Amino acid sequence: MKKFFAILGGMGSISTENFIHGLNKYCGAKDDQEFLNYILFNNASIPDRTNYILDKTADNPIPVLTKSLKMLDSLQPSFIVMPCNSAHVFFDEIKSNIKAPLINMIDLAVEKINESDIKDGARIGIAATQGTIYSKTYETSLLKYGYEPFIPDNELQAKITYLIYDNIKANKEIDLESYYEMLDIFKNNGCQAVILGCTEMSVFHSNADNGKEKILIFDADRILLEETIKKGKALN
């Protein structure tokens with residue numbers, strides 16, 4: 001087999017499906033042999049990352065993440081991607097257990113903003129799980145680049161949590177109207193852009209009417225996807 005990369009998915013499975021669909025759709029293949037070579041481990045058994053971040057008595061996902069990455073690493077992929085923003089809270093710890101490069105989607109997303117026309121000091125909204133918000137992974141990175149992170153208040157975070165957990169993760173019909181309402185709240189609070197910092201949020205973006213997304217979107221999952229395609233094509 002030619003060189004390949006690996007994907008640790010299942011966090012959650014609907015968003016992993018969205019990532020794989022994009023991988024195949026946007027890689028530019030014109031026949032079977034031009035598609036990318038990759039192995040997917042959709043480990044839906046990984047404990048919820050946010051539950052553990054907020055409550056250390058909850059099931060710990062780190063051992064399962066580590067074991068899953070080690071299994072993929074044993075196959076000697078050229079690199080590994082992990083489409084789950086909240087899992088990146090444990091990035092340094094789990095990365096130290098494998099040899100293959102593990103791509104950091106949070107770094108990629110904020111670097112993408114920094115490469116854009118958005119000026120220093122701009123207010124950037126963060127649409128992510130409570131765990132990601134609590135861990136300040138995006139907040140710290142945005143501040144490093146000179147941006148003003150906009151952290152959702154309790155009411156907005158409740159809407160975001162509903163969209164992630166009660167809509168997409170619950171495998172229900174996509175509630176795009178609530179998604180558009182969420183984006184409008186960010187815009188009305190002076191945000192120049194929003195980071196979709198949860199892979200479930202990317203499912204909304206992938207199915208949205210772009211004309212109704214009235215604010216600039218930086219979709220961390222899509223940015224990781226683009227980097228994966230770039231690196232994956234270089235292997236062929």
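Residues numbered from 1 in each chain as written. Predicted model: local features only at pLDDT ≥ 70, side-chain atom pairs only at ≥ 80, totals over all residues. Heavy atoms only, no water.

Overview of the packing of helix α8 (residues 154-168) against helix α10 (residues 199-207)
Two elements in contact, α8 and α10, have axes whose closest approach is 9 Å; the angle formed by their N-to-C orientations is 85°. As far as their axial angle goes, α10 and α8 are roughly perpendicular. In contact with Ile160, Leu163, Ile164, Asn167 and Ile168 of α8, α10 contributes Glu200, Met201, Val203 and Phe204. Residues of the contact of α8 with α10, tallied by class, amount to seven nonpolar, one polar and one charged. (Axes fitted to C-alpha atoms, helices over the stretch in contact; angles between N-to-C directions. Helix = DSSP H or I, 4+ residues; strand = E, 2+ residues; numbered from the N terminus. Parallel < 35°, antiparallel > 145°, perpendicular 65-115°, else oblique. Contact = heavy atoms within 4.5 Å. Nonpolar A, V, L, I, M, F, W, Y, C, P; charged D, E, K, R; others polar.)

Some thoughts on the packing of helix α5 (residues 105-115) against helix α7 (residues 137-144)
Relative orientation of the contacting elements α5 and α7 amounts to 35°, with a least axis distance of 10 Å. Every pair of crossing elements has a handedness; the one defined by α5 and α7 is right-handed. Contact residues: α5 offers Met105, Ile106, Ala109, Val110 and Ile113, while α7 offers Thr137, Tyr138, Ser141 and Leu142. (Left-handed = near helix turned anticlockwise from the far one by under 90°.)

So, helix α1 (residues 13-26)
With 14 residues, α1 extends 20 Å between its outermost C-alpha atoms, agreeing within 8% with the 20 Å of an ideal straight helix rising 1.5 Å per residue. Those residues of α1 that fall on the buried side of the exposure criterion are Ser15, Thr16, Asn18, Phe19, Ile20, Gly22 and Leu23. Where α1 is buried, its residues meet β1 (5-9), β2 (38-42), β3 (80-81), α10 and α11 (220-235). Following α1 by one or two positions, Gly28 adopts a phi angle in the positive range, close to 80°. (Expected span 1.5 Å × (residues − 1). Buried < 20%, exposed > 50% of the residue type's maximum accessible area, 1.4 Å probe, protein only.)

A closer look at the sheet that holds β1
Pairing within the open sheet is parallel, and its three strands lie in the order β2-β1-β3. Both outer strands of the open sheet, β2 and β3, are each paired with one neighbouring strand and no more. Packing of α1 onto the sheet brings it into contact with β1, β2 and β3, and relative to β2 it is tilted by some 170°. (Pairing = 2+ DSSP bridges.)

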